[in-house]
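Structure at a glance
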Amino acid sequence: MIVRDPQAIRGDWSTRPRDALPDGPARLAALVGAEAGEPMRHGKRLGWPFPPGGLLIHLGMSGAWVPGEEPPHARVGLRFGDAVWWFRDPRRFGALIPCPAARLADRLAAGLGPDALLAALPGPALAARFRTRAAIKVALMDQGRLAGLGNIHAAEALFRARIHPAIPANALSDDQWEALSRAIVDQLRDAIDAQQDGELVYLTEGGPNPFAVYGREGEPCPRCGTPIARIALGGRSTFYCPRCQPAP
DNA sequence: CCCTCTGTTGGATT
DNA sequence: CAATCCAACAGAGG
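Residues numbered from 1 in each chain as written. Chains lettered and ligands numbered in written order. Predicted model: local features only at pLDDT ≥ 70, side-chain atom pairs only at ≥ 80, totals over all residues. Heavy atoms only, no water.

1. Description of empty space enclosed by the protein
Taken as a whole and judged by the stated rule, the model has one cavity of 30 Å³ or more. The calculated volume of the largest cavity comes to roughly 40 Å³. Ala116, Ala120, Leu121, Leu126, Leu146, Ser181, Ile184 and Val185 together form the lining of the largest cavity. Partitioned by chemical class, the residues of the lining of the largest cavity number seven nonpolar, one polar and no charged. (1 Å grid on protein atoms, 1.4 Å probe; cavity = no way out; pocket = protein on both sides within 12 Å on 5 of 7 lines; lining within 4 Å. Points joined across faces, edges and corners; volume = space filled by probe spheres on them. Nonpolar A, V, L, I, M, F, W, Y, C, P; charged D, E, K, R; others polar.)

Right, here's the structure in full:
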């Protein structure tokens, strides 16, 4: 185990290096020699047992695990046999949280709604979790309502469902909830499939933009050709097609 | 070179 | 409540 940045090791789900665990490196070192168990996921969080210890992981905005030579911005390296896997995280919002194996599952799900893929909800159940006047796009990104959608996949799911991102969540029709329920699952499944035989991880890693509307302001909608629009919702850029996703 | 803007997350503040 | 700011850093553009 190699710790390049002790502040990547946190005591709780925090995006801030200042919330580093004081004895973080020692707590991580306690995992050395343990046999890895089956990793678990809930929303954007990971839990990885190394009984009797374990590790909770959040990649933040820019975190990734990469094998091989030490990359720039390496925070922690874990050795598995001959291979070293590096936690690389330029923006330092990612967190590695030591946690007893017995507590992993609880802490993994604490404060989160159901996982958008593992516990996908049919339309009516989805609607029940979104009784708010907040814009549907903002509500979709609230991990306490539904866990797993961030800025990119919330926008992409709304495009698939043909729903304008600024519509108040509690104003959607039954048909729209049904469409959104399917769109969320389809979006996440397709995104995961694309990553398994490609490397479409982040927009900034070079290569073409793999998304239908995200990051495509002014470009033609892939469905109707209308220029993609961009607005800010909840302080974040949101992309949509003004024709396929009509305003409320 | 310097300054400003933007960003894949999430929490606190206003 | 909804909008704004902030954390921390890099890259792009003026």
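2. Describing the domain arrangement of chain A
By the assigned domains, chain A splits into domain 1 (2–109) and domain 2 (123–240). Between the C-alpha centres of domain 1 and domain 2 there is a distance of 29 Å. Summed over both sides, the interface between domain 1 and domain 2 buries roughly 450 Å², with carbon and sulfur atoms accounting for 52% of that surface. Summed over the three residues of domain 1 that lose the most area to domain 2, namely Gly43, Lys44 and Arg88, the buried surface amounts to 61% of that side. One can count zero salt bridges joining domain 1 with domain 2. The interface formed by domain 1 and domain 2 contains zero residue pairs in polar contact (both at pLDDT 80 or more). Tallied by class, residues from the side of domain 1 that touches domain 2 come to one nonpolar, four polar and two charged. (Domains from an automatic or database assignment. Buried area = accessible area lost by both parts, 1.4 Å probe. Salt bridge = Lys/Arg side-chain N within 4 Å of Asp/Glu carboxyl O. Polar contact = N/O pair within 3.5 Å; in protein donor to acceptor, adjacent residues only side chain to side chain.)

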